[in-house]
Amino acid sequence: MPSFIVTNSVQYTLGVEFTTGSFTTITEDLKRFNCARDIATIGRPIKIGKADFTLDNQARNYSPTNSSGLYYGDLTVGTAIKLEATYQNSTRSIFTGVIQNININPVLGSRVANISAIDAIDKLKKADVRLSLLKDTNAASLFSHVMSIAGITQTITSELLAENIPFVGTSSNKASKIIQNILELGHYYFHSDGSNDLYLKNRHFNVSESPVASLNEFYSFDYNNDIGSIKNYVKVKSSAKKLDTVVSTIAFTSFPQTLPASGWITFYIDYINPYNITQRTEATSVSAPAPDTDWIVTPNFDGTGSLYTSACSLYVGAFGDSAICSLYNGLGVEAHLTTFNIKGYSIYPVSNVSTIRESTASQNTYGVRSDLTIDSEYIESIDYTAPYAEYLRDKYKDPDDDISLSLNSIFPQVLDIDISNLIHVVEDESSSDGEFRVMSVEHDIDLSNGGEHILSVDLEQADQSDYLQLDDATNGKLDTAGNILLF
């Protein structure tokens, strides 16, 4: 089936994976398309990329219950769908995802099928993951590990990140929450692209990049310089944990447990902080309980009588914050587990360490703006909280130029510009002339009346400081052109 051609130079192709590994082109029925994607970082939560397709349904091919429809039985929720655009023999992916919803409008004269789709971030947002206890884990490695456990099979790209995380807990958590915690650890950025690939980028990812486009003509342009963007009182708090240096009792039973004759009991037991038994903890190097010392079986509920421990069998499966225990009574009489302890090295919370950094000059001009606090269990010490707080203060102490703009059918720019790109913007009325990061994109394509492709983007001012870049001939030396070290 042919692709719908908007102009002599741009061709759109809508494909649906009715057969695994093969996309069927249905572009001739596409009337309108809209998709939106956003970047996540501090103050910007992780959002699902979404798309809406409006299809001509006069022939009822997209009605899921029409048994005579061309795609009956194949067009279902969860089916892969993608939109691509080809310009000057180069193909760009505009959106890739899976169908979330199919809505049919049966009104005569406007019979359309409205198909909604979502990208891989939807799966990430819904995934619950339970990690094994991790120590001294690099932030990028944790990102890839969480993606793997969450079952994310898309291409994943993570830039080199310097930060290591001392401990990552084992409690069940939303995968997206762990990723958001990683972003807050180092002011990182996370997003999907038109191919449904996922990216984790460091806080200086645009420093050595060149703009993908220079823009000076716009369909719409909105300049914003807002006092609300200022943060001149910044707090970074470490809610870290410490690995104990001595073996302690990390779990015990408070009451005797009855063992049926020639029978089993199975129970879970949580670890506790040996220094505060009201507080749950995690542990490592958990040892098997020793018979007649850590666990004792007797004939009587009060622990008196002969020891029956040697006639019983204990099996312990240790997890990061709990253990599953199964005990078999090999005697033909009822017995009682009167003592039960598990030992290991606890990982317990330590006193929080906070660093506050202020900009007096900014406060004198704009007042105190104190709505930026980072409270992270991934941060270990003041060696990190102090420079991180200084970095955040310097980044947000002054109002930034934020811009929202749109382009109408300007090719190839409406196809080439994507999230996280660096673009150069010149606009005389606002005196804007600089480089900006793309923080969100929205494509709106109307294929009626000759076709129209509107790209809308939100931008934030790019960091244009002179940083030391070790692999750069000009910027690879300190004190050259005022170069400074990155945090």
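All residue numbers refer to positions counted from 1 along the written sequence of the respective chain. Residue-level local features of this predicted model are given only where pLDDT is at least 70; pairs of side-chain atoms are given and counted only at 80 or more, and the full residue set underlies all totals for whole chains, interfaces and linings. The side-chain values count all of the structure's non-hydrogen atoms but skip hydrogen atoms and water molecules.

**Student:** Lay out the sheet that holds strand β15 (residues 198-201) in plain terms, naming residues and giving numbers.
**Tutor:** Spatial strand order, β11-β15-β14: three strands in an open sheet with mixed pairing. A single partner strand is all that each edge strand has here, and the edge strands are β11 (156-158) and β14 (189-192). Pairwise comparison of adjacent strand axes, ignoring direction, gives a mean angle of 10° for this sheet. Two strands qualify as a pair provided DSSP detects at least 2 bridges between them. Runs of H or I in DSSP of at least four residues are treated as helices and runs of E of at least two as strands, each being numbered from the N terminus. Pairing of β14 with β15 involves four bridges; the strand directions are antiparallel. Note on geometry: axes are C-alpha line fits, over the in-contact stretch for helices, and angles between N-to-C directions span 0 to 180 degrees.

**Student:** Tell me about helix α2 (residues 139-149), and name the residues and values.
**Tutor:** When a residue's accessible area, from a 1.4 Å probe over protein chains only, is under 20% of the maximum for its type it is buried; when over 50% it is exposed; and in between it is partly exposed. If you check which residues of α2 are buried, you get A139, A140, L142, F143, V146 and M147. An end-on view of α2 places all buried positions within 160° of arc, on one side of the element. The opening residue of α2 is N138, an N-cap whose side-chain oxygen sits 2.9 Å from the backbone nitrogen of A140. Positive phi shows up at G151, right after α2, with a value of about 80°. It is the directions from the helix axis to the C-beta atoms that the arc portrays. Whenever a nitrogen or oxygen atom comes within 3.5 Å of another N or O atom, the pair is scored as a polar contact, on the condition that within protein one atom can donate a hydrogen and the other can accept it, and that pairs from neighbouring residues in sequence are kept only if both atoms are in side chains.

**Student:** Explain the packing of aromatic side chains residue by residue, including any values.
**Tutor:** In this description, an aromatic ring pair is defined by two values, namely the gap between the centres and the angle between the planes. A pair of Phe, Tyr and Trp rings is counted when the ring centres sit within 6.5 Å of each other, with Trp represented by its six-membered ring. The angle between the planes then sorts it: under 30 degrees is stacked, over 60 is edge-to-face, the rest tilted. Taken as a whole, this structure holds 14 aromatic pairs when the rule is applied. Look at W264 and Y328: their rings are 5.0 Å apart centre to centre, the planes differ by 45°, and that puts the pair in the tilted class. In this pair, W264 is assigned in strand β22 (residues 264-270) and Y328 in strand β28 (residues 322-329), connecting sequence segments 64 residues apart. Given the relative accessible area of 49%, W264 is considered partly exposed. The partly exposed category is assigned to Y328, whose relative accessible area is 27%. A centroid spacing of 6.3 Å and a plane angle of 15° characterise the contact between Y388 and Y391, whose relative ring orientation is stacked. Highlighted residues: Y388 and Y391, both in helix α5 (residues 382-396), separated by three residues, approximately one helical turn. We classify Y388 as buried; its relative accessible area is 0%. Pairwise contacts between aromatic rings join F18, Y62 and Y71 into one cluster. Its guanidinium or amino end placed over the ring of Y199, K201 lies 5.5 Å from that ring's centre, counting from NZ or CZ. Residue placement shows K395 over the ring face of Y396; its charged tip is 5.7 Å from the ring centre. By definition, being over a ring means that NZ of Lys or CZ of Arg is both within 6 Å of the ring centre and within 35 degrees of the ring normal.

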